[in-house]
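Single-letter residue listing:
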Amino acid sequence: MAVTTISRSKCFGGTQGVYSHESAETHCTMRFGLFLPPAAATRRVPLLYWLSGLTCTEENFITKAGAQRVAAELGVAIAAPDTSPRGVDVPGDRDSYDFGVGAGYYVDATEPPWSRAYRMYSYITEELPRVLATSFPVDAANAGIFGHSMGGHGALVIALRNPGRYRSVSAFAPISSAARSPWGENALTKYLGSDRNAWRQYDATALIAERGWPGPPLLVDQGSDDSFLHEQLKPELLEEACTRAGVPLRLRMRDGYDHSYYFIATFVEDHLRFHAANVSA
């Protein structure tokens, strides 16, 4: 699990780094960003995972969200992994923006040729925590998870399937029901096959109906001027599932905001403080 340092910069008294390692899950070199607050110089600190959306790399969040100042104050680390394997050269993996490279959907693919490398669920839940806990002063057992769009889908799914591992979960403009989103339907068919029952383990609304959520309220921010709101994201489906299951949900519709990082940067402090209140210092 040797980790290579790509870059490290002093940032609000802590460090913002970009690192890489060879992944057994994805059979390629994976990159991730990691912000360590000043407190990490003397102790292990709570860890937040940020999962990015379609087309993104680890760079989008660490350069656009403006999260480091508040994370430094709160004493929490933020890991921002890539969104898919890269360089495995699966035929067709670059044919469209919403599938393949930059679009791993945080699933473990079962259909060839995707099943060998497209294992982002196991990468995020198993391999990356081991790498982080082994190489950095973070408390990987004391974690929260959040994300945007496809990454919001991933954060919800991963937390709902592993409630003992994540103390809190939040999302910006998540794909609320991957099985009922054109983006999700296309990706899940190719990654998992045509049996829609197999998709349920990667659909947040299905997981809420089947498993509930024992943690603090789910926190979701959604912009009213998001161009993907009605066709792809459908927060009303998440709200309906939570109501039926008795799962507390704080769904905040943000008037006039779109799908961009301007939206995320505006409200990321709220999310960081929400998570910091739920992970142990």
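Note: the structure precedes this text.
Residues numbered from 1 in each chain as written. Predicted model: local features only at pLDDT ≥ 70, side-chain atom pairs only at ≥ 80, totals over all residues. Heavy atoms only, no water.

**Description of the pairing of strand E2 (residues 14-23)**
Among the ten residues of E2, nine are classified as buried, and the element is accordingly described as predominantly covered. Both strand E1 (residues 4-11) and E2 contribute to a ladder of seven bridges, which runs antiparallel. Bridged to Thr5 within E2 is Tyr19. In sequence, E1 turns back onto E2 through a hairpin of two residues, with Phe12 there showing a positive phi of about 50°. Here nine bridges tie E2 to strand E3 (residues 28-36), and the two strands are oriented antiparallel to one another. Its bridge partner being in E3, Thr15 is matched across the sheet by Leu36. Here E2 folds back onto E3 in antiparallel fashion, the turn holding four residues, of which His27 has a positive phi close to 55°. (Buried < 20%, exposed > 50% of the residue type's maximum accessible area, 1.4 Å probe, protein only. Helix = DSSP H or I, 4+ residues; strand = E, 2+ residues; numbered from the N terminus. Pairing = 2+ DSSP bridges.)

**Re the sheet that holds E2**
Spatial strand order, E1-E2-E3-E5-E4-E6-E7-E8-E9: nine strands in an open sheet with mixed pairing. With one partner strand each, in any of the chains shown, E1 and strand E9 (249-254) form the two edges of the open sheet. Sheet twist, expressed as the mean angle between neighbouring strand axes with direction ignored, is 20°. In the sheet, strand E6 (residues 138-148) pairs with strand E7 (residues 166-172) via six bridges, with the strands oriented parallel. Looking at the pairing, Gly144 lines up with Ser168 of E7. Taken strand by strand, helix H9 (residues 261-276) contacts strand E4 (45-51), strand E5 (77-81), E6, E7, strand E8 (218-223) and E9, and its axis lies near 160° from that of E7. (Axes fitted to C-alpha atoms, helices over the stretch in contact; angles between N-to-C directions. Contact = heavy atoms within 4.5 Å.)

**Some details on the nonpolar core**
Counting residues in hydrophobic clusters, the biggest one holds 94 residues, and the most contacted among them are Leu34, Tyr49, Phe61, Tyr105, Leu132 and Tyr191. Not counting the four nearest positions on each side in its chain, Leu34 is found in contact with Thr15, Gln16, Gly17, Tyr19, Leu47, Ala77, Ile78, Ala79, Leu132 and Phe136. (Core = buried A, V, L, I, M, F, W, Y, C linked by side-chain atoms within 4.5 Å.)

**So, the packing of aromatic side chains**
Applying the stated criterion across every chain yields a total of 19 aromatic pairs. One aromatic cluster is present, built from ring pairs that chain together Trp50, Phe61, Phe146, Phe172, Tyr257, Phe263 and Phe267. The ring of Tyr202 has Arg161 lying over it, and the distance from NZ or CZ to the ring centre is 5.0 Å. Over the face of the ring belonging to Phe267 we find Arg254, whose NZ or CZ atom lies 3.9 Å from the ring centre. (Phe/Tyr/Trp six-rings, centres within 6.5 Å; stacked < 30°, edge-to-face > 60°. Lys NZ or Arg CZ within 6 Å of the ring centre and 35° of its normal.)

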